[in-house]
Amino acid sequence: MKTAYFDLVSGASGDMLLGALVDAGLPIGQLEDELRKLHLDDFRLSSEKVLKNCFSATKVDVHVSDHAPERYLADLQKVVTESHLSDSVKEKANRIFHRICEAEAAIHNSEVDKVHLHEVGGVDAIVDVCGVLAGLEALGIERVIVSPFPLGRGFVFGAHGEIPLPAPAALSLLKGCPIVGSPLDKELVTPTGAAILSEVADGYGPIPPITLDSIGYGAGTANFKYPNVLRLILGESEQRFGLITETLVQLESNLDDESPEIVGHVSRLLMDQGALDVALLPAQMKKDRPGVQIQILAKPAHADRLQDILLSQTSTLGVRRSEVRRDSLPRRNETIETEHGPIRVKVAQVPGQAAKVIPEYEDCRAAAEKSGLPLGELYYRVRHEAAHALNLPHDHEPFL
């Protein structure tokens with residue numbers, strides 16, 4: 001599994017993340033081609049090698065002629081949704097902007113849809129967010145680990161005047177993430193950097209066991225007493241017994257007085273807002289009432305937001321929270337050209353056994369509706385064609 005480790009030597013910002021990706025091997029032309037899918041004509045990228053305290057790093061700048069002084073969440077998500085970026089990049093980008101607006105709304109005692117973004121609402125911020133997500137996808141990154149976030153003190157000038165550091169929005173976005181103080185009176189982690197990394201991170205901590213492939217250094221704008229760079233380390237993960245181990249958060253709540261329609265709505269909302277899994281289990285509750293237990297599996301950085309949804313949109317008065325360890329099979333994403341068009345599949349490697357091929361439900365559902373085939377038969381055909389295309393062992397039993 002191709003793993004990216006973000007070593008936040010001097011913090012994180014959107015341009016440092018882009019610089020690190022380019023320095024690690026992402027062609028700047030390929031990045032520009034992806035960003036043209038945003039259909040925004042008022043920006044261009046530049047890339048150059050610079051020295052930061054004698055360390056060579058790549059500085060990527062986003063040059064804009066953007067005359068929009070501010071943007072609301074709907075404006076940002078309209079740009080992303082109407083783009084031709086991949087569905088995965090769109091989903092993550094929209095979630096990042098929603099989280100940023102949530103943080104700003106809480107800080108200013110406003111509502112998410114009424115928050116207007118200044119520093120994070122410009123074209124350069126849209127390019128930073130979508131560029132990092134598209135860059136990770138282009139490099140085939142399947143797992144992201146991030147070091148603790150170093151946070152400086154002092155003040156920075158923003159649209160609302162002097163802002164204490166760490167910036168309130170950045171600090172709010174780092175809930176559930178490891179942080180550490182820095183002796184520098186500088187802004188080291190920007191809200192954009194915090195939002196991107198807390199969204200894509202699969203885990204935090206020291207460098208994981210990997211076979212080292214490439215290294216990239218992304219340069220920041222300021223000069224400090226030590227190199228103002230973000231280091232990106234790329235390599236193939238070494239999994240324990242062939243498995244990937246990570247720490248997640250499980251949220252649980254029992255409902256015995258809630259409409260099934262609301263439960264279904266909340267389940268979909270939780271998935272849209274970043275839950276890794278949502279399960280509904282029948283439960284026998286007090287006073288002999290049948291109920292439902294809702295279980296949510298989430299990354300630590302998403303747990304607070306998902307808990308807020310449970311508390312605000314269901315009748316529950318409390319949520320149980322626990323840390324769980326998940327062992328999962330290493331997997332990769334492939335797109336298979338079939339007789340019914342391109343269909344995405346996940347390929348998971350079982351230790352000591354043949355690989356599993358899991359077709360993407362939405363692609364198969366659309367193909368089944370178009371072709372008139374039963375969904376089960378289409379699943380079978382896709383697995384068979386994927387096995388041929390990827391040279392995987394398979395049988396030739398007919399579909400029953």
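Note: the structure precedes this text.
For every chain, the first residue of the written sequence is number 1, and numbering continues from 1 along that sequence. Given that this is a predicted model, residues contribute local features only at a pLDDT of at least 70 and side-chain atom pairs are listed and counted only at 80 or more, while totals for whole chains, interfaces and linings are drawn from all residues. Water and hydrogen atoms were dropped before computing side-chain values, which therefore reflect all heavy atoms in the structure.

Caption draft 1: Structural context of the packing of helix α8 (residues 260-272) against helix α9 (residues 303-313). Comment: axis = line fitted to C-alpha atoms, over the contacting stretch for helices; angle = value between 0 and 180 degrees taken between N-to-C directions. Numbering of helices and strands runs from the N terminus, with a helix taken as a DSSP run of H or I at least four residues long and a strand as a DSSP run of E at least two residues long. Look at α8 against α9: their axes get within 10 Å of each other, and the N-to-C directions meet at 160°. In terms of orientation, α8 lies roughly antiparallel with respect to α9. Note on packing geometry: the crossing formed by α8 with α9 is right-handed. Each of Ile262, His265, Val266, Leu269 and Leu270 in α8 lies in contact with α9, whose residues at this interface are Leu306, Ile309, Leu310 and Gln313. These descriptions rest on fixed angle ranges, namely under 35 degrees for roughly parallel, over 145 for roughly antiparallel, 65 to 115 for roughly perpendicular, and the rest for oblique. Note on convention: near helix rotated counterclockwise from far helix by under a right angle means a left-handed crossing. Clockwise means right-handed. Two residues form a contact once any of their heavy atoms are found within 4.5 Å.

Caption draft 2: Quick look at the state of the cysteines. Pairs of cysteine sulfur atoms within 2.5 Å are identified as disulfides in what follows. Taken as a whole and judged by the stated rule, the model has zero disulfides. As a non-bridged cysteine, Cys101 has Cys130 as the owner of its nearest cysteine sulfur, 14 Å distant. Classification of Cys101 as buried rests on a relative accessible area of 0%. The rule is simple: take the accessible area with a 1.4 Å probe, protein chains only, and divide by the maximum for that residue type; under 20% is buried, over 50% is exposed, in between is partly exposed.

Caption draft 3: How the structure looks around unusual backbone geometry. Residue Pro166 is reached from Leu165 by a cis peptide bond, and omega for that bond is 0°. Structurally, Pro166 can be placed in the loop between β9 (161-164) and α6 (168-173). Phi is positive for Asn53, close to 55°, though the residue is something other than glycine. Along the polypeptide, Asn53 turns up in the loop between β2 (43-52) and β3 (55-64). The class for Asn53 is partly exposed, based on a relative accessible area of 33%. Its identity as a non-glycine residue notwithstanding, Asn391 has a phi of 60°, on the positive side. Along the polypeptide, Asn391 turns up in the segment after α11 (375-389).

Caption draft 4: Here's a closer look at the packing of aromatic side chains. Classification of ring pairs uses Phe, Tyr and Trp, with its six-membered ring standing for Trp, and accepts pairs whose centres are within 6.5 Å; under 30 degrees between planes counts as stacked, over 60 as edge-to-face, and the remaining range as tilted. This structure, assessed with the given rule, holds one aromatic pair. By the criterion adopted, a ring carries a charge over it if an Arg CZ or a Lys NZ lies within 6 Å of its centre and within 35 degrees of its normal. The ring of Phe43 has Arg36 sitting right over it, with the charged end atom 4.8 Å from the ring centre.

Caption draft 5: Quick look at the pattern of salt bridges. A side-chain nitrogen of Lys or Arg and a carboxyl oxygen of Asp or Glu constitute a salt bridge if their distance falls within 4 Å. Applying the stated rule across the entire model yields 21 salt bridges. The salt bridge involving Glu34 is made with Lys37; its shortest N-O contact spans 2.9 Å. Connected through salt bridges with shared partners, the residues Glu91, Arg95, Arg99 and Glu199 form a single ionic network.

Caption draft 6: Region of the structure containing the side chain of Gln273. Its location among the elements puts Gln273 in the loop between α8 and β15 (277-285). Setting aside residues no more than four positions away along its own chain, Gln273 makes contact with Arg95, His98, Arg305, Leu306 and Ile309.

Caption draft 7: Main features of the environment of Tyr204. Here Tyr204 shows up in strand β11 (residues 203-204). Residue Tyr204 is classed as partly exposed on the basis of its relative accessible area, which comes to 23%. Distance from Tyr204 to Pro178, taken between C-alpha atoms, is 7.2 Å for residues 26 residues apart in sequence.

Caption draft 8: Quick look at the nonpolar core. Side-chain atoms within 4.5 Å link the members of a nonpolar core, which is a set of buried Ala, Val, Leu, Ile, Met, Phe, Trp, Tyr and Cys residues. The biggest cluster of nonpolar side chains holds 66 residues, and the ones touching the most others in it are Phe6, Leu38 and Leu197. Dropping the residues within four chain positions of it, Phe6 is found in contact with Leu17, Leu136, Val144, Ile145, Val146, Ser147, Leu197, Leu230, Arg231 and Leu232. One finds Ile336, Val347, Leu373 and Tyr379 within the second-largest nonpolar core, a separate group that totals 16 residues.

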